[in-house]
Structure formats: structure tokens, C-alpha cells
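One letter stands for each residue in the lines below.
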There are 2 protein chains.
Amino acid sequence: MCENEKKYKQLYNREVKKIENRISKIFRNKIPSSLYKPSEYIMTGGGKRIRPFLVLASAKAVGSEFKNVYNAAVAVELLHNFTLVHDDIMDNADKRRNLPTLHKKYDTGTAILTGDSLTAFAYKYLLLDAGEKPHDAITFFTDGVIKVCEGQSLDADFEKRKNVTIAEYKKMISQKTAALLEMCCAIGGTIGGGSKENLKNLKSYGKNLGMAFQLQDDYLDIAGEENHFGKPIGGDLIEGKKTFLLLKALEVAKGKNKNELIKVVKNNGINKKDVLKYKLIYKDLGIFEITKKEIARYTRKALNAAKKLNNDEGKNLLICLAEDLLGRKK
Amino acid sequence: MCENEKKYKQLYNREVKKIENRISKIFRNKIPSSLYKPSEYIMTGGGKRIRPFLVLASAKAVGSEFKNVYNAAVAVELLHNFTLVHDDIMDNADKRRNLPTLHKKYDTGTAILTGDSLTAFAYKYLLLDAGEKPHDAITFFTDGVIKVCEGQSLDADFEKRKNVTIAEYKKMISQKTAALLEMCCAIGGTIGGGSKENLKNLKSYGKNLGMAFQLQDDYLDIAGEENHFGKPIGGDLIEGKKTFLLLKALEVAKGKNKNELIKVVKNNGINKKDVLKYKLIYKDLGIFEITKKEIARYTRKALNAAKKLNNDEGKNLLICLAEDLLGRKK
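Description of the structure in this document. Every value quoted in this text rests on a predicted model; they were computed, and no experiment measured them.

Thoughts on the overall build of chain A
Argument step 1. Scanning chain A from terminus to terminus reveals 15 helices and two strands.
Argument step 2. The C-alpha radius of gyration of chain A comes to 20 Å, within 12% of the 20 Å expected for a compact globule of 330 residues.
Argument step 3. Projected onto its principal axes, the C-alpha positions of chain A cover 60 × 45 × 35 Å.
Argument step 4. Total accessible area on chain A is roughly 14,300 Å²; 49% of this is exposed by carbon and sulfur atoms.
Argument step 5. Considering chain A, the positive charge centre built from 59 side chains and the negative charge centre built from 41 side chains are found 2 Å apart.

Okay, here's the thing in C-alpha cells:
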């Protein structure tokens with residue numbers, strides 16, 4: 001259980017402000033502006049800054065200090081935004097954080113190039129904190145990028161396939177989403193000088209947090225009471241995305257329900273007016289309960305891993321973050 | 001002067017074969033194939049492998065051995081191909097090395113993702129050779145990527161601008177082309193354990209070689225006797241590219257010639273049938289001689305820097321490479 005939640009939230013807000021402040025300076029007045037104005041646009045466009053905070057908390061959890069990893073924290077946010085910019089091109093998305101996506105505000109070429117340079121800046125910032133022997137930090141970072149690319153590629157594959165299994169889906173999100181959170185924890189832990197045992201627990205925490213986080217994203221998309229992240233309720237169903245909920249529903253449904261669910265896959269999505277119908281099918285099949293249990297299972301795993309860490313203050317930050325994130329309503 | 005050119009060419013061919021062999025294995029049978037088949041396609045599609053060879057020769061030139069930098073050599077080729085894949089999307093190019101470009105053979109999303117993962121693999125391979133203290137190697141590498149992105153961004157800017165100066169053009173190619181060759185030399189030299197003085201000379205060699213190389217590319221595009229790289233003669237004029245030759249011609253031309261040249265910029269290119277007319281204008285204005293002098297000037301700078309290096313064998317490789325490359329007819 002998170003101890004002193006109020007103090008945690010104050011600390012989170014304070015540290016995120018520091019990160020925001022650093023981020024706001026990276027590309028300010030940098031030349032050529034054709035490259036760095038778009039970089040600034042995406043980096044200062046908001047976001048919860050969970051990944052940088054994970055780096056800070058993980059460093060603390062192995063007995064180090066925030067000040068040793070601020071640049072590394074900035075690095076993971078640069079990397080995260082690189083993935084967003086390139087994903088948005090691939091998904092042909094119009095909006096991100098209620099603002100025009102970068103390739104819509106500028107153009108596709110600019111967005112490709114901006115993403116590329118964000119990656120390079122991520123390495124640059126990581127190096128600032130990674131010390132004399134940055135080998136492990138760079139390896140975690142690089143392996144993280146490779147996993148994210150693989151996950152994104154699997155995600156694109158699944159769009160074209162009719163028969164995705166839940167195991168395959170979990171593998172995909174473990175790479176596309178969870179690997180980056182795992183990497184954040186590994187980076188904070190390794191730069192902080194954590195032991196092998198601590199690193200193992202930090203990575204387990206990050207990975208399971210990431211799995212729970214993505215499943216909750218799937219869940220809130222349809223179960224949420226109101227719009228979340230500016231997307232309409234049931235957006236995943238409308239787009240025909242093979243989420244955990246849809247795949248689980250396809251697995252357990254029979255008869256008429258099954259036929260209706262197969263239509264989602266067959267037609268690559270549904271009409272907006274049919275969202276409620278499918279929400280009722282999910283309810284009928286107990287999909288919301290199953291998903292909540294699955295989220296709780298990964299959350300428990302994350303918390304158990306966090307509990308094994310040495311530093312009480314850092315441990316508590318990670319526990320509070322998990323509870324805060326996974327109790328989120330939007 | 002290159003000593004024993006025949007022996008040099010044998011060595012070049014032998015080492016390039018080794019590099020090719022390593023490259024052919026990187027992505028073979030790797031999963032997901034939706035990501036790694038395209039990676040294999042671009043990496044095994046040919047190319048002169050100048051950049052990996054620069055890494056090898058630079059390591060040798062500071063007294064190290066080829067075997068210490070084969071992975072670093074693969075890394076720079078991965079990085080080079082990442083830039084090609086993303087540039088081809090931005091330029092909407094159909095062909096590369098007489099094969100369909102990656103985004104034409106597959107799709108834009110796949111090409112973006114393949115480029116992204118090539119970058120990560122580049123870091124991965126660099127780390128294999130960069131030793132216990134990879135800080136400098138990673139820094140050279142990362143700064144190289146940033147410069148290439150900046151150069152590409154300037155290049156895109158110039159397409160939209162009417163009034164590019166020769167100084168601006170040189171700044172652009174020093175980032176877009178020369179920075180990567182400079183980086184290859186710096187990587188080979190630093191992993192090879194070169195002194196500060198040696199590194200300085202290696203970087204100067206690489207940078208000036210890159211400048212000469214790009215200017216020669218501009219020159220051969222219009223002065224070449226036949227097609228080079230599968231492009232039609234005068235392709236740059238047809239596309240309205242602001243090359244050194246066009247900018248220099250605009251600078252020195254007067255009267256009717258000047259009016260004709262302004263049309264190239266104004267109309268964003270010329271008709272294929274007018275290439276010969278412009279070739280004659282260039283001849284009339286002495287542009288070919290001016291360009292050849294400029295190429296010779298950068299080549300001389302590169303060779304002078306190479307001559308200051310300690311290791312005779314490595315020094316000779318770099319000298320032979322420069323003479324071979326810059327004497328190229330296609």
C-alpha cells in the first residue's frame with residue numbers, strides 16, 4: 001500500500017515540473033528551426049511524464065538520488081515521444097493529446113525526421129548521466145528500442161490477421177508498451193548503481209506495470225464513463241482493434257454473441273452507433289470482470305516485485321505510482 | 001599517392017566481402033519477419049560499403065587491427081541505410097541501387113519502422129566493439145546522427161527557398177553527407193585507441209573526403225558520359241535541385257544565361273529535353289572547371305590530413321580510397 005499518498009503526489013508534481021522545465025529548454029531557439037520547432041512542439045505538448053518519473057523512482061529505489069538521473073529521465077521521454085511521432089504517422093492519427101499530430105501540423109517528412117532526431121537526442125541525454133561505463137545503460141536503452149519496433153511491427157501484422165491469440169496479443173503489448181517501462185526502471189536502477197537482484201526486481205516491476213497499464217487502456221476505452229485521452233468511447237471497436245477484451249470475448253462467446261463479435265474482425269471495425277450493443281455483449285460475457293482480474297494480477301506482480309527493493313522511500317514511490325496509475329479513471 | 005593500387009583493391013574487395021558476410025547474417029530468419037525481411041532487403045541490396053571500409057582503414061591508421069572494428073563497421077553501414085530508407089520516403093523515390101525503394105516494395109509504415117530499428121541495431125553493433133569505455137564512440141555516433149538529421153532538414157528547406165547561397169549549401173552537405181564520413185573515421189580511430197592528434201587528422205580526412213564526394217556527385221550528375229547510379233543525366237536539373245553547380249552558375253552568370261538559370265529555380269526544375277542546353281550553359285560559364293577545382297581542393301585537404309597519420313599501412317589505405325573514390329567515373 002502506498003504510504004502518505006498526499007506527500008507522494010506533491011513529490012510527483014514537483015519532480016514532473018523539474019522534468020518539464022528541462023524538456024522545455026532542449027530545443028529552444030535551436031537551429032535549424034525546421035527540425036527543432038517540431039521537436040519542441042511534440043516534447044512540450046503535455047503527457048503525464050510517467051516514464052521519466054519511473055527513472056527517478058527506480059534510481060531512488062536502489063539508494064541513489066534523483067539528481068543523478070535527470071538527464072536519463074529526459075532521455076526516456078525523448079524516446080517515448082519518438083515512438084509517438086512515428087506511430088502517429090503509421091496510424092494516420094489526426095490528434096495526440098488533443099493537439100494536431102506532428103505530421104498533420106507539419107508534414108510526414110518533417111515528422112519522420114523529427115522522430116529520428118529525438119532518438120539521437122535521447123542517446124545524447126542518456127550519455128550525460130550514464131557515467132564512465134555506460135555500457136549497460138546503453139544496452140538496456142537500445143534493446144528497449146528494438147523491442148518497441150518489434151512490438152509495433154507485430155501490432156501492424158495483427159491488423160491484417162483475422163486469428164490473433166491472446167498469447168500473441170500479450171507478447172505484442174509486452175514489447176510495444178511494457179518493454180519501454182521496463183527499460184525506464186532498468187536505466188534508473190543501473191545508473192543508480194543497483195545490484196543484480198534489485199535490477200531484476202525493478203525490471204519485473206516495470207514490465208508488469210506496463211502490461212497492467214496497456215490492459216487498463218484497452219479496458220477504459222470501452223468501459224470508461226466518458227471520453228478518455230480525447231478518444232470516443234469504444235474507439236478500439238470502431239477501428240476494429242484486436243484488444244484483450246475483443247480477443248477474450250471471441251474466445252468465450254458462443255452462438256449469436258460470437259457471430260456479432262466475428263463481424264468486428266471481418267469488417268475491420270464497427271459503426272459508432274453499435275458501440276453500446278457490443279458493450280452489452282462484453283458485459284453479458286463477463287469480459288469486464290475478466291479484464292479487471294487480469295489487470296489486478298499484473299498489478300499485484302508489479303507490487304510484489306517493488307516490495308523486494310531495498311530503499312523504503314524509492315520503493316514507496318513505485319508502489320504509489322502503480323496504485324495511482326492503475327486506479328486511474330481516465 | 002596511393003602505393004600499390006592493385007594490392008589495395010584486392011584488400012578492399014576482400015574486406016568488403018567479409019563485411020557483406022556479416023551484414024547478410026544480421027536479420028536472417030529473425031522474427032518478426034514483417035520487420036526483419038525489409039531490414040534484410042535494404043541491407044543486402046548492394047552499395048559500395050565505403051563507410052564500413054573507412055572504419056577499418058581508420059582503425060588501422062592509428063595502429064589497431066581490422067578485427068577490432070568489424071562490428072563498428074557494420075554499425076555505420078546500418079546507420080547509413082537507415083538514412084537512405086527514411087530519405088527515400090521523404091524524397092518519394094522509386095528506386096535505390098536499381099531496386100524498388102523499401103517504402104515502394106513494402107509500405108511507408110514498414111519503411112519508417114525498418115529505419116528506426118536499423119538505428120537501434122547500429123547502436124547494438126557499435127557497442128560490441130566499443131569496449132569498456134564506449135563513451136566517445138557513442139558520442140561521435142550520436143552527434144553524427146544529429147548532424148545528418150539537421151543536414152536533411154536544411155536540404156528540405158532549400159527545396160522551398162529560391163535564394164540559397166553557396167556557403168549555406170556547403171554547410172548543408174557538410175552535415176548531410178560529410179558528417180557521416182567524418183564520424184566513420186572518428187569511430188575507427190577512437191575504438192582503435194588513436195591519439196587526439198590522430199583523431200583530429202582522421203576527422204579532417206573524413207570530412208573533406210565527404211565534401212569532395214558530394215561535390216563530385218553533383219558534378220557527375222550532369223557531366224557524366226552515361227547514367228550513373230541509374231539516374232538520368234541532368235537528373236538534378238530536372239528535379240530543380242540546388243546543387244553546387246547550379247548555385248555557382250547563378251552566381252557567375254549574366255544576361256541571357258542568368259535568365260535561363262533563374263528559370264530552373266522558378267519552375268522547380270526543367271524539362272528533360274533541355275538538359276543539353278543547360279550543360280552548354282555550364283560549359284560556357286566554366287562551371288565544370290570551377291567544380292573540378294573545388295573537388296580537387298577538398299581532396300587535397302583530405303590527403304594532407306591522411307599524410308599526417310602514423311601508421312603507414314592504414315595511411316595508404318585512406319589515400320588509395322580517396323584517390324579511387326574521387327577518380328570515379330560513375
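So, the packing of aromatic side chains
Argument step 1. This model, assessed by the stated rule, comprises 21 aromatic pairs over all chains.
Argument step 2. Among the aromatic residues, those joined into a cluster by ring pairs are Y123 and F141 of chain A together with Y123 and F141 of chain B.
Argument step 3. If you follow K30 of chain A out to its NZ or CZ, it ends over the ring of Y36 of chain A, 5.5 Å from the centre.

A short note on the interface of chain A and chain B
Argument step 1. Listed per partner, the contact involves 36 residues of chain A and 36 residues of chain B.
Argument step 2. Buried surface at the junction of chain A and chain B, summed over both partners, amounts to about 3,200 Å²; 71% is from carbon and sulfur atoms.
Argument step 3. Sorting the residues of chain A by area buried against chain B places I112, L113 and L127 of chain A first, and these three jointly supply 16% of that buried surface.
Argument step 4. Put simply, chain A and chain B have four salt bridges between them.

Examining the relation of the copies chain A and chain B
Argument step 1. Superposing chain A onto chain B takes a rotation of 180° plus a shift of 0.0 Å along the axis, which leaves an RMSD of 0.0 Å. The transformation just described matches what one would write down for a two-fold rotation axis. Considering only C-alpha atoms, the residue of chain A closest to the rotation axis is K133 of chain A, which sits at 2.7 Å.
Argument step 2. A shared interface surface links the copies, since 100% of the contact residues of chain A are contact residues in chain B too.

Details of the state of the cysteines
Residue and element names in this part refer to chain A.
Argument step 1. As enumerated under the stated definition, the model contains two disulfides over all chains in all.
Argument step 2. Each disulfide pairs two cysteine sulfurs, and for C2 the partner residue is C320, the sulfurs being separated by 2.0 Å. The chirality of the disulfide connecting C2 with C320 is right-handed, given an S-S dihedral of about 85°. Note that C2 is positioned in the segment before α1 (5-26) and C320 in helix α15 (residues 312-326), a separation of 318 residues in sequence. C320 matches C2 in its accessibility class, with the two residues each being buried.
Argument step 3. The cysteine C184 is free of any disulfide, with C185 supplying the nearest cysteine sulfur at 6.6 Å.
Argument step 4. Classification of C184 as buried rests on a relative accessible area of 0%.

Details of the nonpolar core
Argument step 1. Y205 of chain A together with Y205 of chain B are the most contacted members of the largest nonpolar core, which has 238 residues in total.
Argument step 2. Other than its neighbours up to four places away in sequence, Y205 of chain A contacts L54, C185, A302, A305, A306, L318, L321 and A322 of chain A.

Considering unusual backbone geometry
All names here are of chain A.
Argument step 1. Of the consecutive residues I31 and P32, the connecting peptide bond is found in the cis state with omega at 5°.
Argument step 2. Its location among the elements puts P32 in the loop between α1 and α2 (33-43).
Argument step 3. A positive phi is found at R97, a non-glycine position, where the angle reads about 55°.
Argument step 4. Tracing the sequence through the fold places R97 in the loop between β1 (95-96) and β2 (99-100).
Argument step 5. Look at R97 and you get partly exposed, because its relative accessible area is 26%.
Argument step 6. Non-glycine residue N98 carries a positive phi angle of around 60°.

Let's talk about the pattern of salt bridges
Argument step 1. As enumerated under the stated definition, the model contains 45 salt bridges over all chains in all.
Argument step 2. Among the ionic pairs, K133 of chain B bridges to E132 of chain A, the shortest N-O distance being 3.3 Å. Note that K133 of chain B is positioned in the loop between α6 (108-129) and α7 (135-160) and E132 of chain A in the loop between α6 (108-129) and α7 (135-160), a pairing that runs across two chains.
Argument step 3. Measuring nitrogen to oxygen at the nearest pair gives 2.7 Å for the salt bridge that ties E168 of chain B to R161 of chain B.
Argument step 4. Exposure remark for R161 of chain B: the relative accessible area of 28% places this residue in the partly exposed category.
Argument step 5. Residues participating in the shared-partner salt-bridge network are E5, K9 and D324 of chain A.

A closer look at the packing of α6 of chain A against α7 of chain B
Argument step 1. With their axes 9 Å apart at the nearest point, α6 of chain A and α7 of chain B run at an angle of 155° to one another. For the element pair α6 of chain A / α7 of chain B, the angle class is roughly antiparallel. For α6 of chain A against α7 of chain B, the interelement crossing comes out left-handed. Contacts between α6 of chain A and α7 of chain B involve L113, D116, S117, A120, F121, Y123, K124 and L127 of chain A on the former and, on the latter, H135, I138, T139, T142, D143, V145, I146, C149, Q152 and S153 of chain B.

So, a positive patch on the surface
Residue and element names in this part refer to chain A.
Argument step 1. There is a patch of like positive charges on the surface, built from K147, K171, K207 and K301.
Argument step 2. With respect to the element layout, K147 can be found in helix α7.
Argument step 3. For K147, a relative accessible area of 36% corresponds to the partly exposed category.

Notes on α1 of chain A
Residue and element names in this part refer to chain A.
Argument step 1. In this model, α1 (22 residues) spans 32 Å end to end at C-alpha, consistent with the 32 Å of a helix rising 1.5 Å per residue.
Argument step 2. When α1 is considered as a whole, its buried residues turn out to be Y8, L11, Y12, E15, V16, I19, I23, S24 and I26.
Argument step 3. For α1, the secondary structure elements touched by its buried residues are α2, α3 (50-61), α4 (70-90), α6 and α15.

Here is what the cut-offs are and how they apply
Residues numbered from 1 in each chain as written. Chains lettered and ligands numbered in written order. Predicted model: local features only at pLDDT ≥ 70, side-chain atom pairs only at ≥ 80, totals over all residues. Heavy atoms only, no water. Helix = DSSP H or I, 4+ residues; strand = E, 2+ residues; numbered from the N terminus. Rg over C-alpha atoms; globule rule 2.2 N^0.38 Å. Areas by Shrake-Rupley, 256 points an atom, 1.4 Å probe, with all protein chains shown as cover. Lys, Arg positive; Asp, Glu negative; His and termini not counted. Charge placed at Lys NZ, Arg CZ, Asp CG, Glu CD. Phe/Tyr/Trp six-rings, centres within 6.5 Å; stacked < 30°, edge-to-face > 60°. Lys NZ or Arg CZ within 6 Å of the ring centre and 35° of its normal. Contact = heavy atoms within 4.5 Å. Buried area = accessible area lost by both parts, 1.4 Å probe. Salt bridge = Lys/Arg side-chain N within 4 Å of Asp/Glu carboxyl O. Least-squares fit on C-alpha atoms with pLDDT ≥ 70 in both. Disulfide = S-S within 2.5 Å. Buried < 20%, exposed > 50% of the residue type's maximum accessible area, 1.4 Å probe, protein only. Core = buried A, V, L, I, M, F, W, Y, C linked by side-chain atoms within 4.5 Å. Axes fitted to C-alpha atoms, helices over the stretch in contact; angles between N-to-C directions. Parallel < 35°, antiparallel > 145°, perpendicular 65-115°, else oblique. Left-handed = near helix turned anticlockwise from the far one by under 90°. Patch = residues over 30% accessible without salt bridge, like charges linked within 9 Å, V, L, I, M, F, W, Y side chains within 5 Å. Expected span 1.5 Å × (residues − 1).

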